[in-house]
Every structure is written in structure tokens, then in C-alpha cells.
Amino acid sequence: MPETQQTFDSRSPADGRVVGTFPLMEADAVNEAVDRARIASSWWGDLGFDGRRPYLMRFKSILARRSSELAELVHQENGKPTDDALLEILLSIEHLHWAAKHAERVLKRRKVGTGLLTMNQDARLAYQPLGVIGVIGPWNYPVFTPMGSIAYALAAGNAIVYKPSEYTPMVGEWLIKAIQEAIPDQPVAQLVTGAGVTGAALCNSGVDKIAFTGSGATGRKVLKECAETLTPVTLELGGKDAVLVDASADLEKAADAVTFGAYHNAGQTCAGVERVYVHEAVYHEFLDRVAAKTRDLTPGTNRTSSYGPMTMPTQIDVVRRHVLDAMARGGEAVVGGAESVGDRMISPVLLTNVPEDSSAITEETFGPTIVVNPVRDLDEAVDRSNASSYGLSAAIFSKDRKAMERAASRLRVGAVTMNTWVMNAGVPALPWGGSGDSGFGRIHGEDGLREFTRPKATAREKYALPVALTLTNFQRHPKAADLVRKTFAFVHGRS
Ligand code: NDP
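This report concerns the structure included in the present document. As a convention, each chain's residues are numbered from 1 in the sequence order in which they are written. The predicted nature of this model means local features are confined to residues of pLDDT at least 70 and side-chain atom pairs, given and counted, to a pLDDT of 80 or more, with totals for whole chains, interfaces and linings taken over all residues. Excluding hydrogens and water, the side-chain figures rest on all heavy atoms present in the structure.

A closer look at the packing of aromatic side chains
Two numbers describe a pair of aromatic rings. These are the distance of the centres and the angle of the planes. Within 6.5 Å between ring centres, the rings of Phe, Tyr and Trp (the latter by its six-membered ring) count as paired, and their orientation is classed by plane angle as stacked under 30 degrees, edge-to-face over 60, tilted in between. This structure, assessed with the given rule, holds seven aromatic pairs. Among the aromatic residues, those joined into a ring-pair cluster are W43, W44 and Y55. In this structure, R450 packs its charged tip against the face of Y127, placed 5.4 Å from the ring centre. Counted as over-ring charges are cases with an Arg CZ or a Lys NZ within 6 Å of the ring centre that also lie within 35 degrees of the ring normal.

Quick notes on the site of the ligand
A cutoff of 4 Å decides nearness: a residue is near a molecule or strand if any of its heavy atoms lies inside that distance of it. Taken together, 32 residues surround the ligand, and among them E166, S215, T218, L237 and E364 come closest. Here a polar contact means two N or O atoms within 3.5 Å. Within protein one must be a hydrogen donor candidate and the other an acceptor candidate, and residues neighboring in sequence count only if both atoms are side-chain atoms. Within the backbone of G137, an N or O atom sits 2.7 Å from an oxygen atom of the ligand. Within the side chain of W432, a nitrogen or oxygen atom sits 2.8 Å from an oxygen atom of the ligand. A run of H or I in DSSP counts as a helix once it spans at least four residues, and a run of E counts as a strand once it spans at least two, with each numbered from the N terminus. Going through the elements one at a time, α6 (196–203), β8 (209–213) and α7 (216–229) are the ones with two or more residues in the shell around the ligand. Broken down by element, the residue count for the shell around the ligand peaks at four residues, all from α7. All amino acids are sorted into three groups, where Ala, Val, Leu, Ile, Met, Phe, Trp, Tyr, Cys and Pro are nonpolar, Asp, Glu, Lys and Arg are charged, and the leftover types, Gly among them, are polar. Its residues placed into classes, the shell around the ligand shows 14 nonpolar, 12 polar and six charged.

Observations concerning the nonpolar core
Grouped together as the largest cluster of nonpolar side chains are 84 residues, with contacts concentrated most on L63, M147, I160, I179, I210 and L449. In what follows, a contact means two residues having at least one pair of non-hydrogen atoms within 4.5 Å. Excluding its chain neighbours within four sequence positions, the residues that come into contact with I210 are G134, I136, L202, C203, V222, C226, T231, P232, V233 and T234. If you look at the next biggest cluster of nonpolar residues, it comprises 55 residues, including V243, L244, L378 and A395. For our purposes a nonpolar core is just a set of buried Ala, Val, Leu, Ile, Met, Phe, Trp, Tyr and Cys residues, chained together by side-chain atoms within 4.5 Å. Think of it in three bands: with a 1.4 Å probe and only protein chains considered, a residue is buried below 20% of the maximum accessible area for its type, exposed above 50%, and partly exposed in between.

Overview of the environment of L73
Along the chain, L73 turns up in helix α2 (residues 67–78). Each C-alpha atom, one on L73 and one on M170, is 7.3 Å from the other, the two residues being 97 residues apart in sequence. When neighbours within four sequence positions are excluded, L73 is seen to be in contact with M170, V171 and W174.

Details of unusual backbone geometry
One non-glycine residue, F366, lies in the positive phi region at around 60°. By the secondary structure assignment, F366 is in the loop between α11 (359–362) and β14 (369–375). A residue is classified by how much of its surface remains accessible, and F366, at 9% relative accessible area, is buried. One non-glycine residue with positive phi stands out, namely V422, at about 60°.

Quick notes on the environment of P428
Note that P428 resides in the loop between α14 (423–426) and β18 (435–436). According to the relative accessible area criterion, P428 is buried, its value standing at 13%. Each C-alpha atom of the pair P428 and H444 lies 5.8 Å from the other, and the pair is 16 residues apart in sequence. Excluding anything up to four places from it in sequence, P428 contacts E94, H95, W98, Y152, H444 and G445.

What about the packing of helix α1 (residues 27–65) against α6?
Only C-alpha atoms enter the line fits that serve as axes; for helices the fit covers just the stretch in contact. Angles between N-to-C directions range over 0 to 180 degrees. In the contact formed by α1 and α6, the axes pass within 9 Å of each other and the chain directions differ by 45°. Regarding the angle of α1 to α6, the classification is oblique. Our pair here, α1 against α6, has a crossing hand that is right-handed. Where α1 approaches α6, its residues A27, V30 and V34 are matched on the opposing element by T198, A201 and L202. Tallied by class, the residues present in the contact of α1 with α6 amount to five nonpolar, one polar and no charged. By definition in this entry, angles of less than 35 degrees are roughly parallel, angles greater than 145 are roughly antiparallel, angles of 65 to 115 are roughly perpendicular, and the rest are oblique. A clockwise turn of the near helix away from the far one marks a right-handed crossing, whereas an anticlockwise turn of less than a right angle marks a left-handed crossing.

Things to note about the sheet that holds strand β7 (residues 189–191)
At least two DSSP bridges between two strands are needed for those strands to be called paired. As summarised here, the arrangement of the six strands in space is β7-β6-β5-β8-β9-β19, forming an open sheet in which the pairing is mixed. Of all the strands in the sheet, just β7 and β19 (439–440) have a single pairing partner and so form its edges. Here strand β6 (residues 159–163) pairs with β7 via three bridges, running parallel. Bridging across to β7, V161 finds its partner in Q190. Contacts from α1 reach β5 (132–136), β6 and β7, with the element oriented near 150° to β6. Here helix α4 (residues 144–155) sits on the sheet and contacts β5, β6 and β8; the angle it forms with β6, its principal contact strand, is near 165°.

What follows is the structure, encoded as C-alpha cells:
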């Protein structure tokens, strides 16, 4: 690092101690990284699917062999227990494996059907790499979240430049070094560290796409910055996910899922459970079960605590404001309350009967709190879930499969899980992404691979059509149009 380079510290959220110091990169350094990645992208793209796969498998193997080392870094920098860190690493390995294995099947050049007027064409569709993808990530899942873009972008044949959150640069550096170890030939993966200014510079650097994961407020800035250079973007933003509990639900199972989904990672999960709508017939029993499980939690700064400290200090004020607003509007605290919100740690807060216009219902809280409200039936639960401006995902618990499927099809979200929470994110073949304030675009699965490509269409004339059928020619036969019209009336006009 040059002596004049400005730096910033990454600190442990548990006690504030410095765990790493990194360069605060601005436009020049970012542009240089993108230039290097641009050169590497040609080599990487030219390798083709077969050429890239062994490199990606080598990266996967590094992740699998050194997962404990990476989990320890995540614990230090993000604060989450090591088993939670391990879980996001293991899921990332499965995504990387799937992307490397399926990229060729999904993206390779293939023949497509033609129409009547184009039957003499050999039509083909290929998905070509875009070039260089700028990946901007958050701190809450510092491995799983960026890997959702990095694995798929690399498998599709792109180079990447990654800007991790200023709260988790050490984890970001580890990931990029692991890719560089797996692919030593060319710098197909580059790290740029810094703050918002670094992310903004990446948006303006001329990359071929930005894959952004973060808050809605920053997502809007990214969209504006990318508008200047017409850089396409995917925006994976926040959520206000609801769990819908039907009268027939297995309440113990639902209560377990809600408790884990709400408090795990200190509630700092885009798809975290923030609202629960419970059928009034089972509301009291369900609330009691969740309350008992909530009281059993042991949050703290140990590797084995139920959950850790808040990673980003400013989020603590948001959580306090939401709890206070819910209570001021008549909500009841079943476990904890505003006093649960400490300097670094927040003890779990279970709220009920919170008005639907309270900020604890309308805004992303991103802390270890849940609101459990009673509803008349599953239909009302769907309506309340859909009333949110967010549309990331939702979960339904019921023993009535048909009712669950009906509710799932009505939910305005990118994914629905049934009798489980968030498992869709762990299935590599399923796309991930939301609508409304949760953003747009998809990572993971086939859609996630295509997101990092440019569809290339080709049509090659196999033989010339008879003049009597050719319309795209100034020398066309005077009766050609009429003949084609009659043919169309015969073929398409009968139904
Ligand atoms: P932020 O929006 O604060 O930051 C996200 C990233 O954007 C960080 O790397 C940040 O850098 C960078 N950034 C900041 N300003 C700019 C800018 N002007 N231009 C470009 N980049 C910029 O989000 P958080 O890190 O706080 O993450 C939490 C949010 O992420 C929550 O809303 C959560 O729901 C969402 N999220 C969504 C997921 C999904 O898949 N839908 C998954 C995980 C999280 P720096 O940190 O250095 O300021």
C-alpha cells in the first residue's frame, strides 16, 4: 500500500477492536482494477465452459477445505456465531458447484425454432459473457451474498471486481485471494476496498454490469450512478418478510422456524422474519410457544451464542425507533422492549398487536425483533403480507396443502417457502430476488446465470425461399403478399 494511501479500519462488532486495515480506494484505483479485470475477462471468456470449470472446482475445493478458517474471520468481523458463518459458507459452496456444473447447459449456443416466414433460417441463441461485473456487497452475509453474484458471474465467463462492505473487507479479501489462488493465470477477480465513494466509483468505472446487494437507499443511489453510463444493474435490496401461520399448522415447527428466522444473525437478514400473521384460532398458543423459545435464547459475543452483536452500529437506532413506535401506537411487548436495545447487543424483542401502519411493520427493522399479529384467516394474512412495499419472500405454515398453494400464488414476492423458512435460498437451481422495494433482477439458478450474459441471436439463411413467398425484397412477386396472407389465414385463422 503506498504511504500516502488513505486507509480505514475494520473493527470487531463485539468489542470495537481493530481486526484489519484496508486502503480507502477512490476512482483511480478502482479504474485500474477494472482495466486489469477487462484484460483477464478476454482470457477467461475464451476458455469456454470446459476450460473454466476446473478452475471453479479448485476455488470450491479451497472453500470446502478452509471453511473453518473463513468462518472464524466472519465471526471476528461480522460478529455472528461460527456455526452460522459456516452455514453461509457451505451454502455458497453448493451454489458455486451448481453454477460451474450447469453453466454450459444453460448458456451454450443452441438451435431455436423458426416461424412460417423464417422457415429457411437456421436460428441460434447464445448467452455470451458481458465482460467485467462489478459486485457490491453488504456485511450481513459477507460470504453467501456476494458469492450469489460472484459464482454465477464467473461461471458465465465474466471477470469480477468486488467491493465488500466497509464492515467486512477482511472476509472480502479472503474470498478474492482464494479465487486468485484457484485461478493464478490472470486476475479474473479483483478486490476494491473502501466506503460508499468506492462503490460509486465502481458504478462509474465502465463495468458491464453492477450486481448490487444492500439497502434500498443505497440501491437508489446506485441506480442513479449507473444511469449516467447506462450500466445495467441488478438490485437485491431489503425485505419485510412475513410468515403466515394457518389454523392447521404444526405450531411447534412454525414457532421454531419463526424464532430462528427472526433472531438468527441478530435479525440482520434480508429475508429475516419481521412479521408473523397467525390465524386467530391458534394465535395465543403460537405466541406462547414463540415467547418461550425467545426467552431461551442466549445472545452474546461467543462463538456459540444464539446470535451475536449488531454489526453496523447505526442500525441499533433504527431498531430502537421501531420498538418505541410500535409500543407508542398500542403494540404490546411480550418479551423484551425498548430496554432490550443496548450499545452493541440487542436482546430479543417479541411484539404483538402492533398497528399495521407502525414503522415496525412498514419499514425494514433488521434487528432481533418480531411482530406477531392475529388475523381472521390465511386470506387476510396474504393481504397484510402484500400490503408491504417490499416483496422479497414469505413463508406459510399449514397442513392444508391446497390452501398453502393458493396463498403462495397470491403472495407478491419473489419466493415462498412452505412449512419451512428461507430454504429456497439454499436451492441453487431456484432464482433469488424480489420486487417492489426489494429490488429487481435475479441471482442463483438459470436466471442468475443469464443475468450475467448478453443474449446473442443469429439467423443464417439455409436456402432461399421461392420468390413467390419472399416479402423482404423490392423485387418481390406482385402476388407474394396475397399468397402469404392466405397461407396465414389457413394456418392461424382457424382457431
Ligand atoms: P448498504 O446499502 O449500506 O451498503 C451496501 C453496499 O453498498 C456496501 O458495500 C456499501 O459500501 C456500498 N455503497 C454505499 N454507498 C454507495 C454508493 N453511493 N454507490 C455504490 N455503493 C455504495 O447496505 P448494508 O451493507 O447495510 O446491507 C444491509 C442491507 O442489505 C439490508 O437492507 C438488507 O436487507 C440488504 N440485503 C439484501 C439481500 C438480498 O438478497 N435481497 C441480501 C443481504 C442484504 P460501504 O459499506 O463501504 O458504505
